[in-house]
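Architecture at a glance
Chain by chain, the residues:
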Amino acid sequence: MSRALATIQTIKSISPIPGADLIVLAEFQSIYWQCVMKKSEAQTGSKVVYFEIDSLLDAGNPIFSFMADRKYRIKTIKLRGQISQGLAIPLNQFEGIKDGEDGTDLTEVLKITKYVPPEELACEGGSSNSFKEFPSFIYKTDEPRAQTLTNLETILATQDLKVTIKLDGTSATYYHFQEEFGICSRKLKFGENTIQNKNNVHFFEMAARYDIENRLKTLGRNVAIQGEIIGPRINGNRLKIATYGFYVFTGQDLLKGKRMTPGELDELIKELNEIKSDGIPLVQVPSLGKLTPGTLKSYGDLLELSKGDFGLSKELREGIVCRNDNLSFKVINPEYLLKHKI
Ligand code: ATP
Ligand code: MN
Ligand code: MN
């Protein structure tokens, strides 16, 4: 399912912003995002269309013309000391859009697309380089955001969660399926004839350094391991890390067609590392340990935990990922988005 970037939402509350007459801070009933709105347009209980950060608005729609000088891109911004993550426009300003319940997805109708950073495009290496489609039997790596979980407070009150640090590099998938070994970037699979270049060489270097092909083949199971490659030149190297590394965050059982639980992933990595090999041992993303039920109460508490450093370097952390056997979600540190203007 692709991301719902534009949805109908109801304003839950409005708070004044010290020193500002024309704008207010709006919060919503069904999501944890907050954003700045024009005071004249914001009314508690009224409906808006809410555009999440990363939205690329439709340049052909005059309603968005005020965003032209910002290239129609919705980013995290700080206005008068308030973090604003999105854009809210009263629903009644959109002609021909019917009212609907909170969460109604208008992304397609309003021709909203997701902004993809140029680095991410470069990493996939262009069209000419012998890419194949991402295997249909593997889930692509992706995490829902805490802001859009409706039952977040219940989850925090009742469930154990393993918290890991979210690394900001590039996603890599290595798999063994029906005797075949494969290497994939976030969205594509590398073909046999892929020419290695500076934009993709790290996928192959990591496979060699951790001896992944041999390990997966020796294990002989139909599995995928997915992780983040970080290091110089990758995605701006915001960790400022000097050497490349591959940090596993997910395992998939390709026969069951399921993501592994954190426990099953621990077991898989242990077994892979027990295999006699020339490679260095596989490692997982840094962990902040387990949250027991009730330790944190709210989205705000999670936001606090999202702050800090990467663990692997002293740079400001992108955020965290929380998981247990049933669910998985990310909490992005807004300060990080502001710092890097993303
Ligand atoms: P969105 O879907 O919200 O637009 P996005 O598609 O750019 O965002 P990210 O914000 O990068 O995705 O979040 C998901 C990605 O986070 C995964 O695909 C994975 O590559 C990466 N990631 C980094 N560290 C971790 C971790 N500790 N656990 C899980 N995923 C992680
Ligand atoms: Mn995503
Ligand atoms: Mn990322």
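Treat the numbers as computed from the prediction; the structure is a model and nothing was measured.

1. Observations concerning the overall build of the protein chain
- Secondary structure summary: the protein chain contains 7 helices and 21 strands in total.
- Relative to a compact globule of 342 residues, whose C-alpha radius of gyration would be 20 Å, the protein chain shows 22 Å and is just as compact.
- Summarising its shape, the C-alpha atoms of the protein chain cover approximately 65 × 50 × 35 Å along the three principal directions.
- Restricting the contact set of the protein chain to residue pairs at least 6 apart, pairs at least 24 apart contribute 70%.
- Taken as a whole, the protein chain presents about 16,800 Å² of accessible surface, with 51% of it coming from carbon and sulfur.
- Once the 44 positive and 43 negative side-chain charges of the protein chain are each reduced to a mean point, those two points are 4 Å apart.

2. Details of the pairing of strand β8 (residues 87–90)
- What you see with β8 is no split at all: L87 and I89 on one side and A88 and P90 on the other are buried throughout.
- Taken together, the 4 bridges between strand β4 (residues 47–51) and β8 define a ladder with antiparallel strand orientation. Residue pairing for β8: F51 is matched across the bridge by L87.

3. Observations regarding the sheet that holds β8
- Across the sheet, 5 strands lie side by side as β3-β2-β1-β4-β8; this open sheet has antiparallel pairing. Edge positions in the sheet fall to β3 (34–38) and β8, since each has one partner strand and no second. Geometrically, the sheet is characterised by an average inter-axis angle of 50° between neighbouring strands, direction not taken into account.

4. Brief notes about the UniProt feature "domain: RNA ligase" (unreviewed entry) in the protein chain
- The sites that carry the UniProt feature "domain: RNA ligase" (unreviewed entry) are, in the present numbering, residues 163–330.
- For residues 163–330, the end-to-end C-alpha separation is 9 Å, with 23% helix and 32% strand making up the annotated structure.

5. Side note on the packing of aromatic side chains
- Summed over all chains, the structure comprises 13 aromatic pairs.
- Ring plane angle 65° and centroid distance 6.1 Å describe the contact between Y210 and F246, whose orientation is recorded as edge-to-face. On the criterion of sequence distance, the pair formed by Y210 in the loop between α3 (201–209) and α4 (212–219) and F246 in strand β16 (residues 245–253) is long-range, its members being 36 residues apart. Judged on exposure class, the residue Y210 and its partner F246 are both buried.
- Through successive ring pairs, a cluster of aromatic residues spans F131, F190, F203 and F204.
- Sitting over the face of the ring of Y115, R73 holds its NZ or CZ atom 3.6 Å from the ring centroid.

6. Side note on the site of ligand 1
- Neighbouring ligand 1 are 19 residues; R3, R145, R186, E228 and K330 lie closest to it.
- Taking T141, its side chain carries an N or O atom lying 2.7 Å from an oxygen atom of ligand 1.
- At 3.4 Å from an oxygen atom of ligand 1 is found a side-chain nitrogen or oxygen belonging to D142.
- In isolation ligand 1 offers 640 Å² of accessible surface; the protein chains occlude 91% of this area.
- Going through the elements one at a time, β11 (161–165) and β20 (319–323) are the ones with two or more residues in the shell around ligand 1.
- Residue composition of the shell around ligand 1, grouped by class: 5 nonpolar, 3 polar and 11 charged.

7. A short note on the sheet that holds strand β21 (residues 328–332)
- Pairing in this open sheet of 4 strands is antiparallel, and the strands run β19-β11-β20-β21 from one edge to the other. Of all strands in the sheet, those bounded by a partner on one side alone are β19 (287–291) and β21. Recorded for the sheet is a direction-independent mean angle of 20° between the axes of neighbouring strands.
- Relative to β20, β11 runs antiparallel, the two being bridged by 4 bridges. Residue pairing across strands places I165 opposite I320, the latter belonging to β20.

8. A word on the layout of surface pockets
- The calculated volume of the second largest pocket comes to roughly 540 Å³.
- Elements represented by at least two residues in the lining of the second largest pocket include exactly β3, β6 (76–79) and β8.
- Its residues assigned to classes, the lining of the second largest pocket shows 15 nonpolar, 3 polar and 6 charged.

9. Some words on empty space enclosed by the protein
- Per the counting criterion, the structure on display carries 1 cavity of 30 Å³ or more.
- Lining the largest cavity are I155, L156, Q159, L161, L291, T292 and L296.
- Here the lining of the largest cavity is composed, by residue class, of 5 nonpolar, 2 polar and no charged.

Scoring rules and cut-offs
Residues numbered from 1 in each chain as written. Chains lettered and ligands numbered in written order. Predicted model: local features only at pLDDT ≥ 70, side-chain atom pairs only at ≥ 80, totals over all residues. Heavy atoms only, no water. Helix = DSSP H or I, 4+ residues; strand = E, 2+ residues; numbered from the N terminus. Rg over C-alpha atoms; globule rule 2.2 N^0.38 Å. Contact = heavy atoms within 4.5 Å. Areas by Shrake-Rupley, 256 points an atom, 1.4 Å probe, with all protein chains shown as cover. Lys, Arg positive; Asp, Glu negative; His and termini not counted. Charge placed at Lys NZ, Arg CZ, Asp CG, Glu CD. Buried < 20%, exposed > 50% of the residue type's maximum accessible area, 1.4 Å probe, protein only. Pairing = 2+ DSSP bridges. Axes fitted to C-alpha atoms, helices over the stretch in contact; angles between N-to-C directions. UniProt positions renumbered as here; feature names shortened; annotations may be inferred. Phe/Tyr/Trp six-rings, centres within 6.5 Å; stacked < 30°, edge-to-face > 60°. Lys NZ or Arg CZ within 6 Å of the ring centre and 35° of its normal. Near = heavy atom within 4 Å. Polar contact = N/O pair within 3.5 Å; in protein donor to acceptor, adjacent residues only side chain to side chain. Nonpolar A, V, L, I, M, F, W, Y, C, P; charged D, E, K, R; others polar. 1 Å grid on protein atoms, 1.4 Å probe; cavity = no way out; pocket = protein on both sides within 12 Å on 5 of 7 lines; lining within 4 Å. Points joined across faces, edges and corners; volume = space filled by probe spheres on them.

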